[in-house]
Amino acid sequence: MNITQLQYLISAANYGTFTKAASVHHLTVPTISQSVRQLEDELDTVIFHRTKKGITPTKEGQLILQHSVSILKSVEIMKRELSLLKEESSENIIISTIPGMVPQVVQTTIEFAKRYPLLNVQMLEGDTETVQSHVNEGYASMGLVSYSSEQQKDASFDWMPLIQGKAVLIVNKNSSLRFLNAVTAEDLRNEKEIPLR
């Protein structure tokens, strides 16, 4: 007995014919019929009365259908809970960057994805003002912008030089990354949601 057989069984009972169940599952009638026959053999009981007009569950078949519905509902609940558990155990990092920095960030992002499969790294592109806005509002975990020493630094960020005189990493003042002189892959993996100010 397997989940697919139970799905075919319930479809056949719902539609009252193997023909309609086969059509819904894009299978042949003999495939559905054989699946039900295998269940009947395994459970040593007749599940359906078969007539030229269709099928109807036997008394035993009604009991089997009740349990089959319950089993399939339990499987769906299990799948939903597993999906939620996977979502909870994954981390999200959003990097906002100016277009010129994308090539440098893409390879690192790919390496993160391979090394930390539960780490979801997303990238956003925008001009310097947009990147700063993303970080300032807590929408992005960090931002990469170009910067030269002649530009005035916005005091609401911590600025970390990446490429001297060309690029800096900016992080929200609430980020734990602000205390680091350099940011590693492990630091990013451990980065949690940035609280809004």
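Residues numbered from 1 in each chain as written. Predicted model: local features only at pLDDT ≥ 70, side-chain atom pairs only at ≥ 80, totals over all residues. Heavy atoms only, no water.

A. Spotlight on the nonpolar core. In this structure, Ile 95, Leu 119 and Ile 170 are the most contacted members of the largest nonpolar core, which totals 19 residues. Core analysis: the next-biggest nonpolar cluster, separate from the first, contains 17 residues, Leu 9, Ala 22, Ile 32 and Ile 55 among them. (Core = buried A, V, L, I, M, F, W, Y, C linked by side-chain atoms within 4.5 Å. Buried < 20%, exposed > 50% of the residue type's maximum accessible area, 1.4 Å probe, protein only.)

B. The pairing of strand E2 (residues 54-57), seen in detail. The sheet contact formed by strand E1 (residues 48-51) and E2 spans four bridges and is antiparallel. The partner of Arg 50 across the bridge, within E2, is Ile 55. Here E1 hands over to E2 after two residues, the two strands then running antiparallel side by side. (Pairing = 2+ DSSP bridges. Helix = DSSP H or I, 4+ residues; strand = E, 2+ residues; numbered from the N terminus.)

C. View of the pairing of strand E5 (residues 142-146). Across the five residues of E5, four count as buried, placing the element largely inside the fold. Bridge count for strand E3 (residues 91-97) against E5 is three bridges, and the pairing is parallel. Bridge pairing links Thr 97 to Leu 144 in E5.

D. Seen up close, unusual backbone geometry. One non-glycine residue, His 26, adopts positive backbone phi at about 55°. Within the secondary structure layout, His 26 lies in the loop between helix H2 (18-24) and helix H3 (29-43). When its relative accessible area of 73% is taken as the criterion, His 26 is described as exposed. At Asp 44, a position not held by glycine, the phi torsion is positive, near 55°. Following the sequence through the fold, Asp 44 ends up in the loop between H3 and E1. Residue Asp 44 is classed as exposed on the basis of its relative accessible area, which comes to 71%.

E. Highlighting the environment of Ala 21. Mapped onto the elements, Ala 21 comes out in helix H2. Under the relative-accessibility criterion, Ala 21 is labelled buried at 0%. Ignoring anything within four residues of it in the chain, the contact list for Ala 21 reads Ser 11, Ala 12, Tyr 15 and Ile 32. (Contact = heavy atoms within 4.5 Å.)

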